[in-house]
Amino acid sequence: MRPIQAVGFDLFNTLITVERGALEDAVGRLVQSLVASGLAVDGARFVEDHRSAALRFIEETRRDGRETHNRFWIQAALEVQGVLVSPEDPRIAEGVEAYFSAFLDHVRVIPGTLEMLETVGQRYRVGLLSNFTHTPAARAILEAVGLAPHFEVCVISGEIGFRKPHARAFEALLSELGVASPDMLYVGDDPEADVAGGLQSGLRPVWSTYVRDRGMPFAPGYDPGDQDLGESGVPRISDWADLIALLDEEHPPC
Ligand SMILES: [Mg+2]
């Protein structure tokens, strides 16, 4: 087998977790921001209207792989309430920032991750590919938790316009790192986006089940269901020691 040149990572539920209650806090801050901007929002109904809109737009992304953005969900939820504003309205932009400020407060790096990235980075090129609608929030989180300096490249779906499992997402990571797909190990928790997507694009996926194995809350917007990869032959890791062991097996350190 060709030697591994690079290791790619997913972000949510792979390198970082989100505390329970983050989504409620985020939507609460969004409502507060919209009300403060003078929009006539019925807060209690908005929570449900926003949730339905988000699900609808996310479902659409599954059809064509094109990333969505929170401003469209907010615009749609407001419209249900008879509040007509453009998705480009600055009051919506402020609401988006308020919404994501909650995630910044509720994300936690999985213990040992920075040390693992340090070790892996000494031997391989290291890149990140995250499905994240609002790129500035993704970059702010990466900076705030100290992950950013560990990656040579960070590709965010909101920036390139396509989400995993779409091939365009993986192509962006590969081309930015300058490596061929069979030479990249890609570590992620989502069987569809990361594992099936990675396989379709010719990478070597590794399924990370850290969050699942510990019964931790999954990041909002992701429903893991009861998917199992069974006999797919895709390696499964439950912690970073497993990943290092896997890399040592592939390419023993000198
Ligand atoms: Mg994930």
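Preceding this section is the structure that the text describes.
Source: prediction; values computed, not measured.

Cut-offs applied
Each chain carries its own residue numbering, running from 1 in the direction its sequence is written. Given that the model is predicted, a residue must reach a pLDDT of at least 70 before its local features are reported, and side-chain atom pairs must reach 80 or more before they are shown or counted; all residues, however, enter totals for whole chains, interfaces and linings. Working definition: helices are DSSP H or I runs of at least four residues, strands are E runs of at least two. Numbering for both runs from the N terminus. As a reference, a globule follows 2.2 Å times the number of residues to the power 0.38, and the radius of gyration itself is taken over C-alpha atoms. To sort residues by burial, count the other C-beta atoms lying within 10 Å of each one's C-beta; a count of 20 or more means buried, 12 or fewer means exposed, and anything in between means partly exposed. C-beta atoms are built from the backbone. Each residue is represented by a C-beta atom placed from its backbone, and any two residues with such atoms within 7 Å are regarded as in contact. Working convention: axes come from line fits to C-alpha atoms, limited for helices to the stretch in contact. Angles between N-to-C directions cover 0 to 180 degrees. If an angle is under 35 degrees, it is roughly parallel; if it is over 145, roughly antiparallel; if it lies from 65 to 115, roughly perpendicular; otherwise it is oblique. Left-handed is the label given to a crossing in which the near helix is rotated counterclockwise from the far helix by less than a right angle, and right-handed is the label when the rotation is clockwise. Each residue is assigned to one of three groups, with Ala, Val, Leu, Ile, Met, Phe, Trp, Tyr, Cys and Pro labelled nonpolar, Asp, Glu, Lys and Arg labelled charged, and all others, Gly among them, labelled polar.

**Quick notes on the overall build of the chain**
Phase 1 of the analysis: Each helix and strand in the chain was counted, giving 11 helices and eight strands.
Phase 2 of the analysis: For 254 residues, the compact-globule estimate of 2.2 N^0.38 gives 18 Å, and the C-alpha radius of gyration of the chain, at 19 Å, lies within 12% of that figure.
Phase 3 of the analysis: For the chain, the spread of C-alpha atoms along the principal axes amounts to about 65 × 35 × 35 Å.
Phase 4 of the analysis: Out of the 254 residues in the chain, the part that is buried amounts to 39%.
Phase 5 of the analysis: For the chain, the proportion of contacts with a sequence separation of at least 24, taken over those separated by at least 6, is 70%.

**Re unusual backbone geometry**
Phase 1 of the analysis: With an omega dihedral of 10°, the bond running from Lys 164 to Pro 165 counts as a cis peptide bond.
Phase 2 of the analysis: Tracing the backbone shows Pro 165 in the loop between helix H7 (157-160) and helix H8 (167-177).
Phase 3 of the analysis: Unlike most non-glycine residues, Asn 13 shows phi in positive territory, near 70°.
Phase 4 of the analysis: If you trace the backbone, Asn 13 turns up in the loop between strand E1 (6-9) and strand E2 (16-18).

**Digging into the packing of helix H3 (residues 70-80) against helix H4 (residues 90-106)**
Phase 1 of the analysis: At a closest axis distance of 10 Å, the pairing of H3 and H4 adopts a crossing angle of 115°. Classified by the interaxial angle, the pair formed by H3 and H4 is roughly perpendicular. In the crossing of H3 with H4, the sense of the turn from one axis to the other is right-handed. Each of Asn 70, Arg 71, Ile 74 and Gln 75 in H3 lies in contact with H4, whose residues at this interface are Ile 92, Ala 93, Gly 95, Val 96 and Tyr 99.
Phase 2 of the analysis: Broken down by class, the residue content of the contact of H3 with H4 amounts to five nonpolar, three polar and one charged.

**Comments concerning the packing of helix H1 (residues 22-36) against helix H2 (residues 43-64)**
Phase 1 of the analysis: Between H1 and H2, the shortest axis-to-axis distance is 10 Å and the interhelical angle comes to 125°. Relative to H2, H1 is oriented oblique. As for the relative orientation of H1 and H2, their crossing is right-handed in sense. Only Gly 43, Phe 46, Val 47 and His 50 of H2 make contact with H1, whose side of the interface consists of Val 27, Val 31 and Val 35.

So, to be careful, I would describe these as geometric facts and stop short of saying anything about function.
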